[in-house]
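# Topology and contacts: notes
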Amino acid sequence: MQQLLDTAEKIRTMEIRGAGRIAAAAARALRDYVEMLETSSFEEFVAKVEKAKSILIETRPTAVSLPNAVMLAGSYDAETVEKARSQILDSATEFIQNADNALDNIGEIGAKRLRDGDTVMTHCNSHAALAIIKTAHKQGKRIKVYATESRPRRQGFITIKELSDAGIDTTLIVDSAVRYTMKNVDTVIVGADSITVNGALVNKIGTSQLALAAHEARVNFISAAETYKFSPSTLFGDLVEIEERDPEEVISKDKLGDMPDVKISNPAFDVTPSEYIDLIVTEAGAFPPQMAYVIIKEHLGWELEKMG
Ligand code: RI2
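The structure reproduced in this document is the subject of the present report. (Residues numbered from 1 in each chain as written. Predicted model: local features only at pLDDT ≥ 70, side-chain atom pairs only at ≥ 80, totals over all residues. Heavy atoms only, no water.)

### Comments concerning the sheet that holds strand 5 (residues 194-195)
Our working rule: Strand pairing follows a simple DSSP-based rule, namely that at least 2 bridges must link the two strands. Secondary structure elements are taken from DSSP: a helix is a run of H or I of four residues or more, a strand is a run of E of two residues or more, and numbering for both begins at the N terminus. In this description, contact between two residues means that some pair of their heavy atoms is separated by no more than 4.5 Å. Inter-axis angles, ranging from 0 to 180 degrees, are taken between N-to-C directions of lines fitted to C-alpha atoms, where helices are fitted over the stretch in contact.
Pairing within the open sheet is antiparallel, and its 3 strands lie in the order 5-6-8. Across the chains shown, the open sheet's two edge strands, defined by having one partner strand only, are strand 5 and strand 8 (269-272). Pairing of strand 6 (residues 201-204) with strand 8, which is carried by 4 bridges, proceeds in the antiparallel orientation. Following the sheet pairing, asparagine 203 is matched in strand 8 by aspartate 270. The strands touched by helix 9 (residues 207-216) within the sheet are strand 6 and strand 8, with strand 8 carrying the most contacts at an inclination of about 30°.

Here is the structure:
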């Protein structure tokens, strides 16, 4: 259990971050926990596995990849400890493997949307979005990238490191330079934390500003998202909760000093409506956002059965 609690803490503090990485880490933690779980009582096994699942799911509220991963990795229908254990080990291993392959497919499919000489803007740090840019670069296309800083956690620094290590022409901009810079951009590519049934994209705070600026400048806007980033529960009316993080991430109490009454708001994500999204690139193909329902139905049907 201690290992699982450590992983949960790393997800909460964002030592492990990025909707896809969170999902894979949770699947691994659940697999390792189940592998070591010592009990011969099936009731106890079920209770402990369910408890472990909720600990992982409760770490961060917005990225649906987390509950989807825990449900897919932790699925079993056997009614004995050993059979259920072996089913979960198989499901979790399959999820982790599929998640890895998904990034390769997203890279291949999305790279077709980039032409030699294109300029891309990206936000935060998305492994799925970077898979597209890196694949196009590997194919010999000359791609130039503007990466936003992405305050307050500055994940843009991880992005520029990854891009420059890959030998890609990279420029860092502050978040407020998005609209000014958009005139030089051909395509915006971002990741996804959740995609709702009506095709809205929930992603790092500031994404909707990129989308708005891209729309105004007639620039393509693409989200790169594995199918497990679509949210089945939105089909049943649930809203995606936007995580509000510690104000200390924005400014420390010391620096606020003599302004103790000033409040700090630190929402970690925002919502981009489907009208501003040209395409969602998944491992199963490139879809318009209006097809979110079909993706949920075909790829996350297990969840619908449980709910329906
Ligand atoms: P990949 C990140 O959230 C960003 O919002 C990013 O766009 C999204 O996860 C998807 O990332 P955070 O964990 O799965 O930094 O594509 O809050 O890596």
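### Things to note about the layout of surface pockets
As a reminder, the rule being used: Residues are called lining when one of their atoms sits within 4 Å of a cavity or pocket point, these points coming from a 1 Å grid over the protein atoms alone, where a cavity is a set in which a 1.4 Å probe fits but cannot get out and a pocket is an open set with protein on both sides within 12 Å along at least five of seven lines. Grid points are joined across faces, edges and corners, and a volume is the space filled by probe spheres set on the points. Here the nonpolar group is Ala, Val, Leu, Ile, Met, Phe, Trp, Tyr, Cys and Pro; Asp, Glu, Lys and Arg are the charged ones; every other residue, Gly included, is treated as polar.
Its boundaries defined by the atoms lining it, the largest pocket holds a volume of some 370 Å³. Around the largest pocket sit 30 residues that line it, and Gly18, Ala19, Gly20, Arg21 and His127 are the ones nearest its centre. Elements represented by at least two residues in the lining of the largest pocket include exactly helix 2 (19-36), helix 5 (81-111), helix 6 (127-138) and strand 6. Tallied by class, residues from the lining of the largest pocket come to 12 nonpolar, 9 polar and 9 charged.

### Observations concerning the nonpolar core
Applied cut-off: Residues enter a nonpolar core if they are buried and are Ala, Val, Leu, Ile, Met, Phe, Trp, Tyr or Cys, with the set joined through side-chain atoms within 4.5 Å. Burial classes follow relative accessibility: with a 1.4 Å probe on protein chains only, a residue under 20% of its type's maximum area counts as buried, one over 50% as exposed, and anything between as partly exposed.
Counting residues in each nonpolar core, the largest one holds 27 residues, and the members touching the most others are Met121, Met182, Val188, Ile195, Phe221 and Phe230. Contributions of two or more residues to this core are made by helix 8 (178-182), strand 4 (187-190), helix 9 and helix 11 (292-299). For this core, the element with the highest residue contribution is helix 9, accounting for 4 residues. Dropping the residues within four chain positions of it, methionine 182 is found in contact with Met121, Val188, Leu210, Ala213, Ala214, Ala217 and Val219. Core analysis: the second largest hydrophobic core is formed by 25 residues, Leu4, Ile11, Ile22 and Ile88 among them.

### So, the side chain of serine 274
With respect to the helices, strands and loops of the structure, serine 274 is situated in the loop between strand 8 and strand 9 (279-282). What makes serine 274 buried here is its relative accessible area of 12%. Beyond its immediate stretch of four places on either side in the chain, serine 274 contacts Asn198, Gly199, Ala200, Pro289 and Gln290.

### Brief notes about empty space enclosed by the protein
Summed over all chains, the structure comprises 1 cavity of 30 Å³ or more. Here the largest cavity is characterised by a volume of approximately 60 Å³. Lining the largest cavity, in full, are Met14, Pro152, Arg153, Gln155, Lys204, Ile205, Arg245, Glu249, Asn266 and Ala268. Its residues assigned to classes, the lining of the largest cavity shows 4 nonpolar, 2 polar and 4 charged.

### A closer look at the site of the ligand
Where we set the bar: Nearness of a residue to a molecule or strand requires only that one of the residue's heavy atoms be within 4 Å of it. Within 3.5 Å is the distance limit for a polar contact, defined as a pair of N or O atoms, with the added protein rule that one can donate a hydrogen and the other accept it, and that residues adjacent in sequence qualify only through two side-chain atoms. All accessible areas in this document rest on Shrake-Rupley with a 1.4 Å probe, and a residue is counted as covered only by the protein chains that are shown. More than half of a molecule's atoms within 2 Å of the grid points is what it takes for that molecule to sit in a cavity or pocket.
Inspection of the region around the ligand gives 19 residues, with Gly20, His127, Asp193, Asn203 and Lys229 positioned closest. A distance of 2.6 Å separates an oxygen atom of the ligand from a polar backbone atom of glycine 20. When isolated, the ligand has an accessible area of 450 Å², and the protein chains bury 100% of it. In this structure, the ligand is accommodated by the largest pocket. Among the secondary structure elements, those contributing two or more residues to the shell around the ligand are helix 2, helix 6 and strand 6.

### Notes on the packing of aromatic side chains
Note the cut-off: Centres within 6.5 Å make a pair out of two Phe, Tyr or Trp rings, where for Trp the six-membered ring is used; the pair is then stacked when the planes are under 30 degrees apart, edge-to-face when over 60, and tilted otherwise. Each ring is checked for a lysine NZ or an arginine CZ that lies within 6 Å of its centre and within 35 degrees of its normal; such an atom marks a charge sitting over the ring.
Using the criterion set out here, one finds 3 aromatic pairs in the structure. Cluster of aromatic residues (ring-pair linked, three or more members): Phe42, Phe45 and Tyr76. The ring of tyrosine 180 is capped by lysine 183, whose NZ or CZ atom sits 3.6 Å from the centre of that ring.

### Concerning the packing of helix 4 (residues 65-73) against helix 5
Packed helix pairs are characterised by how far apart their axes lie and by the angle those axes make with each other. Spelled out, the test is: Here the word oblique covers every angle except those under 35 degrees (roughly parallel), over 145 (roughly antiparallel) and from 65 to 115 (roughly perpendicular).
At a minimum axis separation of 7 Å, helix 4 and helix 5 run at an interaxial angle of 135°. With respect to helix 5, the axis of helix 4 lies oblique. Counted together, Ala69, Leu72 and Ala73 of helix 4 and Ile88, Ser91, Ala92 and Phe95 of helix 5 form the full contact between these two elements. Its residues assigned to classes, the contact of helix 4 with helix 5 shows 6 nonpolar, 1 polar and no charged.

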